[in-house]
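Spelled out from the first residue to the last, the chains are:
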Amino acid sequence: MVVFASWQCRLLLIPLLVLQVLSLKLPPLVPAVHDSFFDSESASFRLPRHVRIVVDERDAHSTKDNGLTLIPPTLLNFSQTFKSDLETLFPQTTVSLSTGDVQESLNVPGVISFLLSDSLRSCHADGSPTTEGYELEVSPTNVRITGAGSKGAFWATRTLLQGLVLTGGQFPTGKIVDKPDWRTRGFMLDVGRQWYPITFLQDLCTYASWFKISEFHVHLSDNVSPRGNFNAYARFRLRPEDPALAGLTPHLNETYTRQEFDAFQAGCAARGVTVVPELESPGHALVITQWKPDLALSTDPTLINLTVPDAIPTIKSIWKEFLPWFHTKQVSIGADEYNASLADDYNNFVNEMSDFIGQESEKTIRLWGTREPSNRTSVSKNITVQHWDFGDDDPFELIRSGYDVINSEDSFQYIVMKQSGSFPQSLNQTRLWDGANTDIGGIWDPHVFDRGNASNNPSITNPRLKGAIMAAWNDHGPTASTFLEAFYAIKEGLPVVASAGWQAASRLNHLTHAQFLAAFPQLEGAAPGQNLDRRIPSQGAVVVDYDLSHLAAAPSGRVQDRSGNGYDARLDNGVLHTPLGSKGHNYTLLLRARLGDAPGTLLSGPDDSFGLELLPGGGLTLAFTSSNITYLLSNSTLPSRRASAVQDLVLTGTEHGTSAFVDDVHVGDFLISIDQTTVLEPMAFVAPVQTIGGKGIRLERFVLWDGIQSITTIQKAK
C-alpha cells in the first residue's frame, strides 16, 4: 500500500480550484465529478464502431488498493469488466482488449487506455490518501484513464459510461480529476429477517457500483419481534461446515454455502464493492438462543446472558467458523439494543470480541451505536461505531472522544420494508435534498447527523468521520415483501447517498436535485451487469402475443409470437415454454383459458409463480407464490364455471401493487397483513412468463404488455 503524506494531498487544492473556474458543464453524472475542464473549441469524443482497450503492461496486474477489501481485482480485471459493460450498453460497438505500452497508443484513434500513477495523490475530504481517485482525459479520438489505484481507474469507467449513455455515445473533450470525499459510501440490507437469493445480492452490488458505492453491509442474522413467542422467525444465513454448529441453521434451504458467499464477495469486489458482513449478538440473537436456550436472558429471549459460562465461547465459536469466509479488513458484530442495566457486561463483551477477532484474523470490528451507561468500563476506541439514533449515542461526542464513526442516522438513512410508524418505506428525498437543517434546509451529506443543531455536527475534514451507510430493514419478517421489492425500496435513495458520500454538499460541483432528477431515470435503466427491473426488450407496447385458439386440445410444437419481437415459444403437452423469465413493472397481461376446478399453476418464472389456490373456507382464488410463500387474493372466490367455459384473467403490476381482473371485473388487489394485524399493505409481484399453462388448463390466448393498459386496449386484444 502506498501512503502519501496529508500535506501532499492538500497541495492539490490549488490547481483543482483553477479547473473549477474553467470547467464547462458535463451531463449530470451520478455522483457528480469534483473537478473538470473541457475545451469548447474541440469536437466531442464520439464512440467509434471499434474500440481498443489497452492496459499498461506495467500496471495490468496491480491490485493497488488501500480500502477494506482483501481481494482487490487487478487493473486488468477491472478493464475486462469495463469491456463487458461497454459491449452491453453499446452493442453496435466491437471492443478488443490487450496489454501493452500505453505511451505508444496515446494518439491512436479509438483507443481507451488504462494506467496507474502515484503522482495523482488523491485524497479524501480529511486529507487521507485514497486509491479510489482518477483522472479521465478525453480527446476527440481517444480516452486515457489514470487511476490512483485499480479501483480508481474502474470508477473512471463509471464516469465515462454514464456520460456516453446520457449523450448517446459522446463525451466532451477535456479532463476530469475526481475522487471520493469519504471512504465509506454504503448500503445495508437486513438479510436476517428476509430470505434473499445470493444472485439477487450480487445484482444489488452491481447496481450500487454504477453509482460508486464502496460497501455492501450484509446483516446476516436477526429475528422478528417474538411478542412472547420463543419460536418466532429467526435466521442465521451462513451454512456452517462444522457439525457442532449445525443447530444454528436448521433451515438449510435458507442459508448460503461458503462457495456461494465466496462467489458473491468476489463478484462485488469485481465491481469495486466490499461486502461487510454482520453477525448480530448479544442482542437480536433469538436464532442463537433457540439453538441454545440456556444462553437466553430470562427477561428477554432475544438477548444473550453474557454471564452464562458458555455464552461468549459460543459466540466466539461462530466467529471462528466464519472469519475465514470474510474478505474484508473490517466486520460488524452488530451489538445494538442490549439491556442498559448490563452495561459492564456489554462493554467487556465487545472489547473481548474485538481482541478475539483481531487475534484470529487481524480484522477490526464495528458495532451499532448503543448507549451503555457505565462509570467503570467503556468500548475500546479501536472499534468503529455505526451511529443510527441519538437515543443510543451522540456521534459528535464519540468523534471528539476519539472514536471512528459511520453515519447511519435514522432520520435520513433508515427505511423499513412495507410499513412502520417511525420510518419511511423509501428514503425521504425531500429531506435528503433540502432537509439537512430544520431551519435553513440544505443538501444532506455524511457530516450531517443533527438536523436541528448544525454545531452538533463535525466538519467534513474530520478524520474520525468515515462516511455513511443507508439501511433497509425487514422488521415484519419474510411474508411482508418479496425479495425484489427491496430493490424498488432502495433504488432511488441509494444513488443519492452514494453521491453525498462521493462529494460533500459544500463542494462547488456537488450534484443538485434538478440534475439528479434529469439523469437518474436514464442511468437507472442503463445500469449494466444486472436486470433487477426485469426489463424485456420490445419494439412496442406489446411484448409478447401468443394465440393458441386454433390449436388442438393438448398440442405440442412451436407457437409464433405475434408481437413482432420474435419471442416464439414451444408448446409441450399444453404448457407453453417461452424464452423469457419475468416481466418487471409496469405490466399488463391477459390470460384467456379454460380453467380446471383444482389448484394449479398458470404462470411460472424465476422470481415467482401465479395460479389457483384453495381458500381456507373452500373455493378457488388467485394466488402468487414467491420464495415458497403463497399470497392469496383474499376475499375473492372464483365463480364456478363449466369446464368448457373460457375465462379472461388480467393482471396489472406496478412497483406499488398488483391487481387482478376476471372477465373485465376487478376482483381485488394482492395485500399482506402486517404482523397478522388489520394493517394491510400491497404486494408488488413481477409477471412470471417462463411457462404458461398447466395441468387441466386449456390455453387460448396470452398477451403481455409493457405498461398499464386500458380496458379498451385489452378488449381489442381479445
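What you see is a predicted model, and the numbers here were worked out from it, not measured in a lab. (Residues numbered from 1 in each chain as written. Predicted model: local features only at pLDDT ≥ 70, side-chain atom pairs only at ≥ 80, totals over all residues. Heavy atoms only, no water.)

Trainee: Account for the overall build of the chain, with residues named and values stated.
Mentor: Along the backbone of the chain there are 16 helices and 40 strands. Whereas a compact globule of 718 residues would reach a radius of gyration of roughly 27 Å, the chain reaches 27 Å, a difference of no more than 12%. Summarising its shape, the C-alpha atoms of the chain cover approximately 85 × 75 × 55 Å along the three principal directions. Taking all 718 residues of the chain together, 60% fall into the buried category. For the chain, the exposed surface amounts to about 27300 Å²; the carbon and sulfur share of it is 50%. In the chain, 56 side chains carry a positive charge and 77 a negative one; their mean positions are 5 Å apart. (Helix = DSSP H or I, 4+ residues; strand = E, 2+ residues; numbered from the N terminus. Rg over C-alpha atoms; globule rule 2.2 N^0.38 Å. Buried < 20%, exposed > 50% of the residue type's maximum accessible area, 1.4 Å probe, protein only. Areas by Shrake-Rupley, 256 points an atom, 1.4 Å probe, with all protein chains shown as cover. Lys, Arg positive; Asp, Glu negative; His and termini not counted. Charge placed at Lys NZ, Arg CZ, Asp CG, Glu CD.)

Trainee: Break down the confidence of the model for the chain for me, citing the residues and quoting the values.
Mentor: Chain-level statistics for the chain give a pLDDT mean of 93 and a share of 95% at 70 or above. Across residues 10–24, where pLDDT falls below 50, the model places 22 contacts with residues more than four positions away in sequence or in other chains. (pLDDT = per-residue confidence, 0-100. Contact = heavy atoms within 4.5 Å.)

Trainee: Describe the sheet that holds strand β32 (residues 629–632), and please don't skip the residues or the numbers.
Mentor: Pairing in this open sheet of eight strands is antiparallel, and the strands run β24-β25-β26-β39-β29-β30-β31-β32 from one edge to the other. A strand with exactly one partner marks an edge of an open sheet, and here the two such strands are β24 (557–559) and β32. Two elements, strand β29 (residues 600–604) and strand β39 (residues 691–692), share two bridges in a ladder whose sense is antiparallel. Within β39, the residue paired with S604 across the bridge is T691. (Pairing = 2+ DSSP bridges.)

Trainee: Talk me through the packing of helix α3 (residues 75–89) against helix α4 (residues 150–166); I want residue IDs and the actual numbers.
Mentor: For any two helices packed against each other, one specifies the inter-axial angle together with the distance between the axes. Contact geometry of α3 with α4 gives a least axis separation of 9 Å together with a crossing angle of 10 degrees. Judged by the inter-axis angle, α3 sits roughly parallel to α4. Of α4, the residues touching α3 (which contributes L75, F78, T81, F82, D85, L86 and L89) are S150, K151, A153, F154, T157, R158, L160, L161, L164 and V165. (Axes fitted to C-alpha atoms, helices over the stretch in contact; angles between N-to-C directions. Parallel < 35°, antiparallel > 145°, perpendicular 65-115°, else oblique.)

Trainee: Any details on empty space enclosed by the protein? Residues and values, ideally.
Mentor: Summed over all chains, the structure comprises seven cavities of 30 Å³ or more. Of the volumes computed, that of the largest cavity is approximately 100 Å³. Lining the largest cavity are 13 residues, and of these G67, L68, E132, K151 and R183 sit closest to its centre. (1 Å grid on protein atoms, 1.4 Å probe; cavity = no way out; pocket = protein on both sides within 12 Å on 5 of 7 lines; lining within 4 Å. Points joined across faces, edges and corners; volume = space filled by probe spheres on them.)

Trainee: I'd love a proper account of the pairing of strand β22 (residues 465–473), names of residues and values included.
Mentor: In terms of burial, β22 is a largely internal element, eight of the nine residues being buried. Pairing analysis gives three bridges linking strand β20 (residues 405–407) to β22, with the strands arranged parallel. Bridge pairing in β22 links I406 to G467. Sheet topology note: the strand β21 (residues 414–416)/β22 ladder contains three bridges and is parallel. Residue pairing for β22: Y414 is matched across the bridge by A471.

Trainee: Could you give an account of the nonpolar core, with specific residues and numbers?
Mentor: Grouped together as the largest cluster of nonpolar side chains are 152 residues, with contacts concentrated most on F200 and W319. In terms of residue count, the dominant contributor to this core is α4 (nine residues). Ignoring anything within four residues of it in the chain, the contact list for W319 reads L279, F326, V331, S332, I333, M353, F356 and I357. In terms of nonpolar packing, the next biggest core, distinct from the first, is built from 43 residues, V544, L571, L620 and L649 among them. (Core = buried A, V, L, I, M, F, W, Y, C linked by side-chain atoms within 4.5 Å.)

Trainee: Which residues make up unusual backbone geometry, and what values do they have?
Mentor: Glycine aside, negative phi is the norm for most residues, and most peptide bonds take the trans geometry. Residues V30 and P31 are joined by a peptide bond in cis, for which omega reads 0 degrees. Along the chain, P31 turns up in the loop between α2 (13–22) and β1 (35–38). Although it is not a glycine, E337 adopts a positive phi angle of roughly 55 degrees. Among the secondary structure elements, E337 is positioned in the loop between β17 (330–334) and α9 (343–361). According to the relative accessible area criterion, E337 is partly exposed, its value standing at 38%. Positive phi values are uncommon outside glycine, yet N635 reaches one of about 60 degrees.

Trainee: Mind laying out the pairing of strand β28 (residues 587–594), listing which residues take part and the relevant values?
Mentor: Counting buried residues in β28 gives six out of eight residues, a clear majority hidden from the surface. Alignment of β28 against strand β33 (residues 647–654), held across seven bridges, turns out to be antiparallel. Paired with L591 across the bridge in β33 is L649. Where β28 and strand β40 (residues 698–706) come together, eight bridges link them in antiparallel fashion. Among the inter-strand pairings, L589 is bridged to a residue of β40, identified as L704.

Trainee: Residues and numbers for the sheet that holds strand β34 (residues 657–662), please.
Mentor: Ordered by their spatial adjacency, six strands build an open sheet running β23-β40-β28-β33-β34-β35, and the pairing between neighbours is antiparallel. The sheet is open, and its two edges are formed by β23 (542–547) and β35 (665–669), each paired on a single side. Put simply, the sheet's adjacent strands are angled 15 degrees from each other on average, direction ignored.

Trainee: Can you lay out helix α13 (residues 483–490) for me, pointing to particular residues and giving the numbers?
Mentor: Extensive coverage of α13 is indicated by the burial of eight of its eight residues. Burial in α13 covers these residues: F483, L484, E485, A486, F487, Y488, A489 and I490.

Trainee: Lay out the packing of aromatic side chains with the relevant residues and their values.
Mentor: Summed over the entire model, instances satisfying the criterion amount to 31 aromatic pairs. Where F216 meets F264, the ring centres are 5.9 Å apart and the plane angle is 90 degrees; that geometry is what we call edge-to-face. Of this pair, F216 sits in strand β11 (residues 215–219) while F264 sits in helix α6 (residues 258–269); the two residues are 48 residues apart in sequence, bridging distant segments of the chain. Exposure class is identical for F216 and F264. Each is buried. Arranged with centres 5.1 Å apart and planes meeting at 20 degrees, the rings of F516 and F520 form a pair that is stacked. Of the two residues, F516 and F520 are both situated in helix α15 (residues 513–526); the distance of four residues between them amounts to about one turn of the helix. For F520, a relative accessible area of 9% corresponds to the buried category. (Phe/Tyr/Trp six-rings, centres within 6.5 Å; stacked < 30°, edge-to-face > 60°.)

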